[in-house]
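# Topology and contacts: notes
Now for the letters of each chain:
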Amino acid sequence: MSARRPAQLASLHHEILCQLARVHFATGTQLAHWCRVRPATISRATAWLSNLGLVHACVLPRPAIWTLNGAGAACVRTAFVQRSCPSWNVMAHACHRNTLEIALDTQQGGFRFLSRAALLKQGFNPARGEHAGIDAAEISWLVLLDDYRMASARIARVWRRRHTPNRRHWPDATGRAWCDVMQRYVIGCTDPVRAARHRVWIAAHDMPAYVIDIPALWST
């Protein structure tokens with residue numbers, strides 16, 4: 001049985017829960033970056049939250065992946081929508097997405113990804129690896145994350161594809177294409193060999209995109 005939950009969480013513990021509510025999955029290093037503390041401080045804080053039954057970790061890989069549970073979501077008044085055990089690919093992809101967000105925030109300032117719900121309300125229906133965000137200058141970004149051996153030809157298909165909208169969120173039967181709205185297009189890749197191939201393909205096909213190398217957090 002978990003320890004009794006305190007009436008009020010410390011500010012760091014609350015911030016950790018809020019960040020996990022936003023991104024769903026994160027490593028300790030990523031949480032340390034967002035919370036602006038040392039990784040050792042995050043390690044102690046997440047262990048404390050885990051003991052309270054507010055978060056839990058997938059600890060088999062290193063680094064471990066932290067996620068919110070229903071009790072933790074209730075503490076920060078957010079809906080808990082995880083209805084099944086997520087696959088390893090889902091969790092790893094989310095953490096690589098975090099790495100991209102941190103990299104773009106460092107480069108551009110104030111960059112944050114938009115939630116899937118926000119994109120559905122704008123007539124988009126993102127497929128695997130497709131993410132969008134906005135920076136402090138209100139420049140919109142399409143970010144295509146390749147951590148799964150993506151073929152370079154997908155770069156053009158993703159940019160131009162007309163989305164089939166979710167009619168509960170977008171009343172028009174015709175959705176939008178990323179190229180209609182997005183001002184920047186970046187491909188994040190966890191493999192340097194594939195990243196080089198993507199750069200060659202982009203140059204050969206005159207695509208308005210560029211590639212960012214990001215470290216693979218786990219070896220495959």
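The structure displayed is predicted, hence computed values, not measured ones.

### Focus: the packing of aromatic side chains
The tally for this structure, following the rule as stated, stands at five aromatic pairs. Plain terms: the ring middles of F111 and W141 are 6.2 Å apart, the flat faces sit at 85° to each other, and that makes the pair edge-to-face. Of this pair, F111 sits in the loop between α5 (88-108) and β4 (112-113) while W141 sits in strand β6 (residues 140-146), and the two are 30 residues apart along the sequence. Arranged with centres 4.3 Å apart and planes meeting at 10°, the rings of F124 and W178 form a pair that is stacked. Here F124, found in the loop between α6 (116-120) and β5 (130-134), pairs with W178, found in helix α8 (residues 178-181); they are 54 residues apart in sequence, far enough to count as distant. Comparing F124 with W178 shows no difference in burial state: the two are buried. Following the ring pairs from residue to residue traces out a cluster consisting of F111, F113 and W141. Looking at R22, its charged tip hangs above the ring of W34, at a distance of 5.0 Å from the centre. Over the ring of Y148 we find R128; its NZ or CZ atom is 4.1 Å from the centre of that ring.

### Focus on the pattern of salt bridges
Applying the stated criterion across every chain, the model contains eight salt bridges. The partner of R194 in a salt bridge is D146, and the shortest N-O contact between them spans 2.9 Å. With R194 in helix α9 (residues 192-205) and D146 in strand β6, this residue pair connects regions lying 48 residues apart in the sequence. The same class applies to R194 and to D146, which are both buried. Across the pair D213 and R199 runs a salt bridge whose closest N-O atoms are separated by 2.5 Å. Placement of the pair is D213 in strand β8 (residues 210-213) and R199 in helix α9, with a sequence separation of 14 residues. A relative accessible area of 42% means that D213 is categorised as partly exposed.

Quick notes on the rules
- Residues numbered from 1 in each chain as written.
- Predicted model: local features only at pLDDT ≥ 70, side-chain atom pairs only at ≥ 80, totals over all residues.
- Heavy atoms only, no water.
- Phe/Tyr/Trp six-rings, centres within 6.5 Å; stacked < 30°, edge-to-face > 60°.
- Helix = DSSP H or I, 4+ residues; strand = E, 2+ residues; numbered from the N terminus.
- Buried < 20%, exposed > 50% of the residue type's maximum accessible area, 1.4 Å probe, protein only.
- Lys NZ or Arg CZ within 6 Å of the ring centre and 35° of its normal.
- Salt bridge = Lys/Arg side-chain N within 4 Å of Asp/Glu carboxyl O.

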